[in-house]
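# Topology and contacts: notes
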Amino acid sequence: MNDPNPGKHSFQRAYQIIVKDENGNGVWDSGKVNDGSSINIPYQGTVLIPCSRYSWTVTVWNKKGEYASTSSWFETGIMNQNG
């Protein structure tokens, strides 16, 4: 029997996370990670600077090698070094 919704059962098989600073310099590139994880992935880049803006791009792949990407940004707050 043919699946009437072949794309419905597509699962993430790999991801890549890229974080860049305000000048477009890379501060973290996870590389393509063959893992279905999509939450609680620990940051493993260089130390982030307080009160700075960073952009991120996430790309995910399915088992067919098809991919999708999205991007956004975040800002760090005041960070207490003593605490």
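Scope of this entry: the structure provided in the associated data block.

We now examine the pairing of strand E4 (residues 67-75). Note: strand E3 (residues 53-62) against E4, nine bridges, orientation antiparallel. Residue Val60 lies in a different strand from E4, and its bridge partner there is Ala68. Counting the residues in the hairpin turn of E3 and E4 gives four residues, including Gly65, whose phi is positive at 85°.

The strand order across the open sheet formed by four strands is E2-E1-E3-E4, and the pairing between neighbours is antiparallel. Each edge of the sheet is formed by a strand with only one pairing partner; in this case those strands are strand E2 (26-29) and E4. Neighbouring strand axes in the sheet, compared pairwise and without regard to direction, differ in orientation by 15° on average.

Within the secondary structure layout, Gly36 lies in the loop between E2 and E3. Between the alpha carbons of Gly36 and Trp61 there is a distance of 9.1 Å; along the sequence they are 25 residues apart. In this view, Gly36 contacts Gln12 and Arg13; residues no more than four positions away in its chain are not counted.

A word on the packing of aromatic side chains. All chains considered together, the criterion is met by three aromatic pairs. With a centroid separation of 5.3 Å and an interplanar angle of 75°, the aromatic rings of Trp28 and Tyr43 are classed as edge-to-face. With Trp28 in strand E2 and Tyr43 in the loop between E2 and E3, this residue pair connects regions lying 15 residues apart in the sequence. A relative accessible area of 33% places Tyr43 in the partly exposed class. Geometrically, the ring pair formed by Tyr54 and Phe74 is stacked, given 5.5 Å between the ring centres and 20° between the ring planes. With a gap of 20 residues between them, Tyr54 in strand E3 and Phe74 in strand E4 connect regions that are remote in the sequence. On the basis of relative accessibility, which here comes to 27%, the residue Phe74 falls in the partly exposed class.

What counts and how
- Residues numbered from 1 in each chain as written.
- Predicted model: local features only at pLDDT ≥ 70, side-chain atom pairs only at ≥ 80, totals over all residues.
- Heavy atoms only, no water.
- Pairing = 2+ DSSP bridges.
- Helix = DSSP H or I, 4+ residues; strand = E, 2+ residues; numbered from the N terminus.
- Axes fitted to C-alpha atoms, helices over the stretch in contact; angles between N-to-C directions.
- Contact = heavy atoms within 4.5 Å.
- Phe/Tyr/Trp six-rings, centres within 6.5 Å; stacked < 30°, edge-to-face > 60°.
- Buried < 20%, exposed > 50% of the residue type's maximum accessible area, 1.4 Å probe, protein only.

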